[in-house]
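Take a look at the letters that make up each chain.
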Amino acid sequence: MPGVFTVFQREIGSYFTSLYAYLIAFAILIITGILFITDLDNAAGQRPPDPSVIPTFLSFAMIFFAPLLTMRLLAEEKREGTLELLLTSPASDTGIVVGKFLGSWAYFTLILAITFIYQIILIGIAQPDLVHAISAYLGIWLYGGACLAVGMVFSAITENQIVAAFLASAILFLLWIGDRVGQVVTNIDFARVLRELTLQGHFSTSFAYGLLHAEDVVYFAGIIVVMLFITIRLVESNRWR
Amino acid sequence: MIEVKHLTKRYGTRLAVDNISFKAGAGEIVGLLGPNGAGKTTTMRILTGFMPPNGGSATIAGFDVMRNSVKARGQVGYLPERVPVYPDMTVHGYVAFWAKLRGAPNPRAQADQVLERVQLSDRRNTLIRNLSKGMRQRLGLAQALVHNPPVVILDEPTIGIDPQQVIEVRDEVRKLGQDHTVLLSTHILSEAEQVCDRVIIINKGHIVAQGKPAELRRKLQPEMHLYVVLGGKRDGGEKLLRSISGVEAVEASGEGFNVRVKKGADIRTELIDKALRAGYNIQEMRPVMMTLENMFLDIIGREA
C-alpha cells in the first residue's frame, strides 16, 4: 500500500490543526469526566466503581462523534480538488483510504487513552478490576473503529460534509437501535439474528462485562474491512466518472 | 517523453477525446490549444493517470499510463486547473507532503528548494488559507515541481491571476523547458505562441492542426497581406493597386490600403515600380501577419 504512512501522517496532523477536532475531544472528555465522578459518587461505600461506565457511554456517543471525526476525510478532498492530486500521485487508492482511516482511528485512540486516566486515578482510591476495564476499553476501541469506518463510507459518497455526517449518524443509529428492537420482537430466533447484526449486540453483553469473545472481535474487524473495501471502491469510482 | 496514440475517451455517449495522437520529446514545451470543452483537460487527466481512456494508449517516460500506472504517475508533476490546496496546512508542509507522497528522496529540503524557485520562501510558514490567488498559483506550480519529475503537465496555468503574475508564470514555464518536458493547456493563443515550442490545436476532441507556432502560421496563412500607404497624390491609389497582377483585393484602411495578394505571388517590386512611375511615393509598406488568434478562429470556424 504505497502512500499509506504519508497520508496517515498528514491526516493526524490535520486533526491537530483543526478547531473542531479539539472541540470533539473536549466534549468527549468533559462528559466522560462528569460520568466518572457521578459513578464514583454513587458507588462510594456501596459497590466497586463500574470500570465500563465510560466505554458504555461511548458506545452510544460514537453514533454522533464518529461521523463528526470522519465527515471531512474524503468529502473535503473532493470539494477542494485535492483528491485529483492524490489519485494522480503514485499512492494507491487502498493506501489513501487506509491511511485516512488509520489517521482517524489514531485520533480516537488518543482521546480514549486520555479517558483511561480515570482508571489510573481509581487505583489510588479503590481496587478497580483492571482486567474488566481493559476488556471494556479494547471493546470500545474496536467498536469506535467500526463506527469510523462506517462514517468514512459516507464521506466518500458526497462532497457535502454535513450530508456525510448526517447519513453516517443515521446508519450508526440503526445499527445501535437494532439491539433494542431485538428485545421487543416476539420471535426469539429473529431477535437473535437482529442482535448478532448490531454493534451493541457485540459489546453490551460481552466487552462491557469484561468478556472477550473471538466472535465479537471478528465482527468489528469484519465491519472495518468491509467498510474500507466499499470506501476504496467509491474512491476508485471517481476515475470512471 | 510523452507519447499518445489514438487516444479516445467517451463520457456516456459524448466523445470527449477522439483518436488523438501526438508526441513530446525531452525538454519540449508543448501547448494544447483549444476552446473550452475541446478535450484538453480530459487528455491531461488521462496522461496523469487520473482516468483510464476508452481506447488507444499513452506512455509517460516509457511507462504506459494504464498498465504501469503507478510508475507513470511518479514521472509526472501535475497542476490541475483549479489549484487544489489544504487550507489548514503551511506552505512548506503542503509542498513537503506531496514530495513525500511522490517518493522524493529528501522531501523537506526539496520543498525548500522549490519554494525558493517560485519565490515563496518568505511565506514558508504561512497557512495556505491566507495566500493570495497568485501565490496559490505559484504554490500549485511548486507542488508540481517538487519531486523534480521529467514531465510536467499544467492545466491552464495562467487562468484567473493578474497580468504581472501571468508574465511571471509564463517566464517560469519557459524556464521549465530546460530540464522538463512540459505539456500545458491554454485557450489564450498569444500565450501558446510565446511559451510553446510546439502547438497542438484541438477542437471537439480531435486535433485540427499541430506544429511550431511559426510553421503553423506559414501553413495556415493562405495569402500574403500587405499594408501600403501611398503619398504624393490624393486619389487613384486604389485603382493603381488593383491594376497590379496578383492582387486579389484592396480595401481602404486608415491612411492606406490593405492589399490581399494571391498565394505565392510577390508584388512588391512591381508595386514600387508602378507607384513611382505614376507619381506616387511610398510612405509605408509592410506585410500583415495573420495572428494565431485569427487563424484559430478560422480553423475552429471551418470545423463548425
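Notes on the structure follow. These numbers come from a predicted model, not from an experiment.

Section: the overall build of chain B
Of the regular secondary structure elements, chain B holds 11 helices and 14 strands. For 304 residues, the compact-globule estimate of 2.2 N^0.38 gives 19 Å, and chain B exceeds it by more than 25% at 25 Å. Looking at chain B as a whole, 51% of its 304 residues qualify as buried. Across chain B, the fraction of contacts at a sequence separation of at least 24, relative to all contacts at a separation of at least 6, is 68%. Of the side chains in chain B, 42 bear a positive and 33 a negative charge, and the two mean positions are spaced by 5 Å.

Brief notes about the layout of surface pockets
Size it by volume and the largest pocket reaches roughly 370 Å³. If you go around the largest pocket, you meet 17 residues; those closest to its centre are K78(A), G81(A), E84(A), R45(B) and F50(B). Those elements that provide at least two residues to the lining of the largest pocket are α4 (72–80) and α5 (82–87) of chain A together with α1 (40–47) of chain B. Of the residues that constitute the lining of the largest pocket, the class distribution is 5 nonpolar, 3 polar and 9 charged. As a volume, the second largest pocket reaches approximately 320 Å³. Residue assignment for the lining of the second largest pocket shows that the elements contributing at least two residues are α1 (4–16) of chain A together with α3 (91–101) and α4 (107–117) of chain B. With 5 residues, the single largest contributor to the lining of the second largest pocket is α1(A). The class makeup of the residues in the lining of the second largest pocket is 4 nonpolar, 7 polar and 4 charged.

Topic: helix α6 (residues 163–176) of chain B
Residues and elements named next belong to chain B. Under the 1.5 Å per step criterion, the end-to-end length of α6 is 20 Å for 14 residues, consistent within 8% with the ideal 20 Å. Considered for burial, the residues of α6 that qualify are Q165, V166, V169, R170, E172, V173 and L176. The arc that holds every buried residue of α6, seen down its axis, measures 160°, which confines them to one face. In this structure, the buried residues of α6 make contact with β3 (29–33), α4, α5 (133–145), β7 (151–155), β8 (181–186) and α7 (189–195).

Notes on unusual backbone geometry
Residue and element names in this part refer to chain B. Although it is not a glycine, Q119 sits at a positive phi angle of roughly 60°. Locating Q119 in the fold gives a position in the loop between α4 and α5. Given the relative accessible area of 51%, Q119 is considered exposed. Residues other than glycine seldom take positive phi values, yet E156 does so here, at roughly 50°. Mapped onto the elements, E156 comes out in the loop between β7 and α6. Overall, E156 belongs to the buried group, its relative accessible area being 5%.

As for the sheet that holds strand β12 (residues 247–253) of chain B
Residues and elements named next belong to chain B. Taken in spatial order, the 4 strands make up an open sheet running β12-β13-β11-β14, and their pairing is antiparallel. Edge positions in the sheet fall to β12 and β14 (281–288), since each has one partner strand and no second. Neighbouring strand axes in the sheet, compared pairwise and without regard to direction, differ in orientation by 25° on average. Sheet contacts for helix α10 (residues 268–277): β11 (224–231) and β14; angle to β14, the most-contacted strand, approximately 160°.

A few points about the interface of chain A and chain B
At the junction of the two partners, chain A supplies 24 residues and chain B supplies 26 residues. Carbon and sulfur atoms supply 61% of the area buried between chain A and chain B, which totals about 2,400 Å² over both sides. Seen at the junction of chain A and chain B, the total is 1 salt bridge. A salt bridge links R45(B) to E84(A), with the shortest nitrogen-to-oxygen separation between them at 2.9 Å. Here chain A is connected to chain B by 10 residue pairs in polar contact (both at pLDDT 80 or more). Of all the secondary-structure elements, those providing two or more residues to the side of chain A that touches chain B are α1, α4 and α5 of chain A. For the side of chain A that touches chain B, the residue count by class is 8 nonpolar, 9 polar and 7 charged.

Rules and cut-offs
- Residues numbered from 1 in each chain as written.
- Chains lettered and ligands numbered in written order.
- Predicted model: local features only at pLDDT ≥ 70, side-chain atom pairs only at ≥ 80, totals over all residues.
- Heavy atoms only, no water.
- Helix = DSSP H or I, 4+ residues; strand = E, 2+ residues; numbered from the N terminus.
- Rg over C-alpha atoms; globule rule 2.2 N^0.38 Å.
- Buried < 20%, exposed > 50% of the residue type's maximum accessible area, 1.4 Å probe, protein only.
- Contact = heavy atoms within 4.5 Å.
- Lys, Arg positive; Asp, Glu negative; His and termini not counted.
- Charge placed at Lys NZ, Arg CZ, Asp CG, Glu CD.
- 1 Å grid on protein atoms, 1.4 Å probe; cavity = no way out; pocket = protein on both sides within 12 Å on 5 of 7 lines; lining within 4 Å.
- Points joined across faces, edges and corners; volume = space filled by probe spheres on them.
- Nonpolar A, V, L, I, M, F, W, Y, C, P; charged D, E, K, R; others polar.
- Expected span 1.5 Å × (residues − 1).
- Arc of directions from axis to C-beta.
- Pairing = 2+ DSSP bridges.
- Axes fitted to C-alpha atoms, helices over the stretch in contact; angles between N-to-C directions.
- Buried area = accessible area lost by both parts, 1.4 Å probe.
- Salt bridge = Lys/Arg side-chain N within 4 Å of Asp/Glu carboxyl O.
- Polar contact = N/O pair within 3.5 Å; in protein donor to acceptor, adjacent residues only side chain to side chain.

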